[in-house]
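Listed below are the residues making up each chain.
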Amino acid sequence: LFQKNLQLGLLELAHNELTTLPKTIFSGLSNLVVLHLQSNSLHVLPTSIFNGLDKLYQLNLSQNKLLNLNVDFFIQRAVQSSPVGTLQLSLSGNPLQCNFDLCPLAFAGLASRGSQSIVFDSAESLVCTSPVYVAGISIQSVFQHWTCGSTCQPYQCDAVRRQGTASCS
């Protein structure tokens, strides 16, 4: 759809009632710097939809219906030195499920630790909707209570420790 616009730097697709996007919709847009997809009805994003967008500086996915987020693009972005620096990621207003799939985002700098290659527009406004033990808690708080490494210990384990009701291994 946009492949012939190789110099395209800003793409505004907000407020279009989009529910799905083809996985190759952004293919060939290697100069894309700003992508606005906010205020649609996106439920899921194809796994490799952002591949090749190495110059992307701002990605607005706020006010959609995203439950999960494939973190591969964001982790790859964090590992590589991006030519544009920090990616501004807007996710507020999505009913995100805070599970182990999001844990690696802590490595990408989303937990406000060290140098960040990716930052939320407003980390404190991002609230988990599920699972029940983190519902209503900001993603930033959940990340601060996760220990990410070869394995992730979920927030639930930390909450249990604080309550003194059980131990975690």
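Participant: Looking at this structure, how should I read the overall build of the protein?
Facilitator: Summing up its helical and strand segments, the protein has three helices and seven strands in all. Sequence-ordered secondary structure for the protein, helices as α and strands as β, is β-β-β-α-β-β-α-β-β-α. For the protein, the proportion of its 169 residues judged to be buried stands at 42%. The long-range fraction of contacts in the protein, counting pairs at least 24 apart against all pairs at least 6 apart in sequence, stands at 57%. Accessible area of the protein: about 8600 Å², with a carbon and sulfur share of 52%.

Participant: Looking at this model, I keep getting lost on the nonpolar core. Mind explaining?
Facilitator: The nonpolar side chains of soluble globular proteins are, as a tendency, buried together. Counting 32 residues, the largest nonpolar core has F26, L35, L37, L45, F50, L59 and L61 as the members making the most contacts within it. Of all the secondary-structure elements, those providing two or more residues to this core are helix 1 (72–79), strand 4 (87–90) and helix 2 (139–145).

Participant: Explain unusual backbone geometry here, please?
Facilitator: The general pattern is negative phi for most residues beyond glycine and trans for most peptide bonds. Of note, the amide linkage connecting S130 to P131 takes the cis form, showing an omega dihedral of -5°. In this structure, P131 sits in the loop between strand 5 (118–120) and helix 2. Of note, the phi angle at E17 is positive, near 55°, even though the residue is not glycine. Checked against the element boundaries, E17 lands in the loop between strand 1 (10–12) and strand 2 (34–36). Phi at Q63 takes a positive value of approximately 55°, unusual for a residue other than glycine. Mapped onto the elements of the fold, Q63 is located in the loop between strand 3 (58–60) and helix 1.

Participant: Is there a simple way to think about the confidence of the model for the protein in this case?
Facilitator: Mean pLDDT for the protein: 75, with 63% of residues reaching 70 or above. Under a pLDDT of 50 for its full length, residues 110–115 has, in the predicted model, 13 contacts with residues more than four places off or in other chains. Here residues 149–169 scores under 50 on pLDDT; set against residues more than four positions off or in separate chains, the count is 28 contacts.

Participant: Can you walk me through the packing of aromatic side chains in this structure?
Facilitator: Two aromatic rings, taken as a pair, are described by how far apart their centres are and by the angle between their planes. In total, this model carries one aromatic pair according to the counting rule given. With centroids separated by 6.3 Å and ring planes inclined at 10°, the aromatic side chains of F26 and F50 adopt a geometry described as stacked. Taken together, the residues F26 in the loop between strand 1 and strand 2 and F50 in the loop between strand 2 and strand 3 connect sequence positions 24 residues apart. Comparing F26 with F50 shows no difference in burial state: the two are buried.

Participant: What should I look at first to understand empty space enclosed by the protein in this one?
Facilitator: Think of a ball as big as a water molecule: rolled over the atoms, this probe shows where empty space is left. One pass over the structure, following the stated rule, counts one cavity of 30 Å³ or more. Considered as a void within the structure, the largest cavity measures approximately 60 Å³ in volume. If you trace the largest cavity, you find it lined by L45, P46, T47, I49, F50, L69, N70, F73 and F74. Taken together, the residues that form the lining of the largest cavity break down as seven nonpolar, two polar and no charged.

Thresholds, definitions, all that
- Residues numbered from 1 in each chain as written.
- Predicted model: local features only at pLDDT ≥ 70, side-chain atom pairs only at ≥ 80, totals over all residues.
- Heavy atoms only, no water.
- Helix = DSSP H or I, 4+ residues; strand = E, 2+ residues; numbered from the N terminus.
- Buried < 20%, exposed > 50% of the residue type's maximum accessible area, 1.4 Å probe, protein only.
- Contact = heavy atoms within 4.5 Å.
- Areas by Shrake-Rupley, 256 points an atom, 1.4 Å probe, with all protein chains shown as cover.
- Core = buried A, V, L, I, M, F, W, Y, C linked by side-chain atoms within 4.5 Å.
- pLDDT = per-residue confidence, 0-100.
- Phe/Tyr/Trp six-rings, centres within 6.5 Å; stacked < 30°, edge-to-face > 60°.
- 1 Å grid on protein atoms, 1.4 Å probe; cavity = no way out; pocket = protein on both sides within 12 Å on 5 of 7 lines; lining within 4 Å.
- Points joined across faces, edges and corners; volume = space filled by probe spheres on them.
- Nonpolar A, V, L, I, M, F, W, Y, C, P; charged D, E, K, R; others polar.

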